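Reading the structure
The chain contents come next:
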Amino acid sequence: MNKEAKAKMQAAVDHLHEELKTVRTGRANAALVENVDVVYYDQHMPVKALANITTPDAKSITITPWDANSTAAIEKALHEDKNLQLNPLSDGKSIHIQVPPPTADRRQQLVRQVSEIAEETHISLRNARHEALKDAQVQLKAKELSENEFDSIKKDLDALVADFGGEIDKVADAKKQEVVQV
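Just so it is clear, the structure is predicted and the values come from calculations on it, not from any experiment. (Residues numbered from 1 in each chain as written. Predicted model: local features only at pLDDT ≥ 70, side-chain atom pairs only at ≥ 80, totals over all residues. Heavy atoms only, no water.)

**Regarding the packing of helix H3 (residues 104–141) against helix H4 (residues 147–180)**
For any two helices packed against each other, one specifies the inter-axial angle together with the distance between the axes. To keep things clear, this is the line we draw: Working convention: axes come from line fits to C-alpha atoms, limited for helices to the stretch in contact. Angles between N-to-C directions cover 0 to 180 degrees. In this description a helix means any DSSP run of H or I spanning at least four residues, a strand means any run of E spanning at least two, and both kinds are numbered starting from the N terminus. Each angle gets one of four labels, with under 35 degrees taken as roughly parallel, over 145 as roughly antiparallel, 65 to 115 as roughly perpendicular, and the rest as oblique.
Contact pair H3 / H4: the axes reach a minimum separation of 10 Å and the direction vectors enclose 170 degrees. Compared by their axis directions, H3 and H4 come out roughly antiparallel.

**Section: the sheet that holds strand E5 (residues 88–90)**
Note the threshold: DSSP bridges decide pairing: two strands pair if at least two such bridges lie between them. Two residues form a contact once any of their heavy atoms are found within 4.5 Å.
The strand order E3-E4-E6-E5 describes an open sheet built from four strands, whose pairing is antiparallel. Both edges of this open sheet fall to strand E3 (51–57) and E5, since each of them pairs with a single strand only. Here the strands of the sheet are splayed against their neighbours by 25 degrees on average, with no regard to which way each runs. As paired elements, E5 and strand E6 (residues 95–98) share three bridges and run antiparallel to each other. Bridge pairing in E6 places Leu-89 opposite His-96. Packed onto the sheet, helix H2 (residues 71–80) meets E3, strand E4 (60–65), E5 and E6 and runs at close to 165 degrees relative to E5.

**Observations regarding the environment of Phe-150**
Applied cut-off: Three exposure classes are used, based on accessible area relative to the maximum for each residue type with a 1.4 Å probe and protein chains only: buried under 20%, partly exposed in between, and exposed over 50%.
Along the chain, the position of Phe-150 falls in helix H4. The class of Phe-150 is buried, set by a relative accessible area of 10%. Linking Phe-150 and Glu-167, residues 17 residues apart in sequence, is a C-alpha distance of 26 Å. Those residues in contact with Phe-150, other than ones at most four positions away along the chain, are Leu-133, Ala-136, Gln-137 and Leu-140.

**A closer look at the layout of surface pockets**
Over the atoms, a rolling probe the size of a water molecule traces out where space has been left empty. Heads up, the rule is: Definitions used for this entry: grid spacing 1 Å over protein atoms alone; cavity, a set of points where a 1.4 Å probe fits but cannot get out; pocket, an open set with protein on both sides within 12 Å along at least 5 of 7 lines; lining residue, one with an atom within 4 Å of a point. Grid points are joined across faces, edges and corners, and a volume is the space filled by probe spheres set on the points. For this classification, the nonpolar set comprises Ala, Val, Leu, Ile, Met, Phe, Trp, Tyr, Cys and Pro, the charged set comprises Asp, Glu, Lys and Arg, and every other residue, Gly included, is treated as polar.
The volume enclosed by the largest pocket comes to roughly 340 Å³. Around the largest pocket, the lining is made up of 16 residues, and of these Thr-22, Asp-81, Asn-83, Leu-84 and Gln-113 lie nearest the centre. Of the residues forming the lining of the largest pocket, the biggest block, four residues, is contributed by H3. Among the residues forming the lining of the largest pocket, the class breakdown is seven nonpolar, four polar and five charged.

**Remarks on the pattern of salt bridges**
Heads up, the condition is: When a carboxyl oxygen of Asp or Glu is within 4 Å of a side-chain nitrogen of Lys or Arg, the pair counts as a salt bridge.
The full count for this structure, using the stated rule, is six salt bridges. Residue Lys-21 is joined to Glu-18 by a salt bridge in which the shortest nitrogen-to-oxygen separation is 3.2 Å. Taken together, the residues Lys-21 and Glu-18, both in helix H1 (residues 2–21) and three residues apart, mark about one turn of the helix. Judged by relative accessible area, Glu-18 falls into the partly exposed class, the value being 43%.

**What about the side chain of Thr-62?**
If you trace the backbone, Thr-62 turns up in strand E4. Sequence-distant contacts of Thr-62, that is, excluding residues within four places in its chain, are made with Asn-52, Ile-53, Thr-54, Pro-56, Ser-94, Ile-95 and His-96.

So this is what it looks like as C-alpha cells:
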C-alpha cells in the first residue's frame, strides 16, 4: 500500500521536473520547443518527432527538420504557440530562434507559473496519501489491519509526503532562482 503511494508520489515529482523544463528562463533550452504540437500531413506530432533541436549557444535554438517539407509547418506551430512568445525565423532548411531575456513582468509571471506547478504537485502528493489512507481504512473496518498497523501506515505516509514535499519545494525554489537571474 505504501509502495503504491510512494510510486505515485515519485511519479508526481518526476512530472514536476518535466513541467519545469518547459518554463522559459531566458536561456535557450531544447525542452522549450520539443513538445510544441505540429500538424503535418493531418497528423499531430511534437517538434522532436520531426526535427533535430540544438542549442548552439545560451541565447539561440536551432531546429533542423529531417524532412525539409515540414519546415513551414513547424514554423507555423511555433508562431501559434502563445506560451512561448518566441519569433522563429526560417532559412528554408532550418528554423532559428533567438531567446530574448524575459522582462521583469514576464519573470514575475514565470515565478507564479512555477509556484502553480509546484502546488499542483503538492496536491498530487496529498491525493496519493488520501487514496492510501482510504484503502487502509477499508482494511481496518474489515479487521484486516489493527489500529496500530493503521497508525503506522498513516505515520509512514505523512513522512513520505513531508519528504517528497521538501523535494518539490527545493526544485521549485531552484527554478524560481533560475528565472529571476538576469
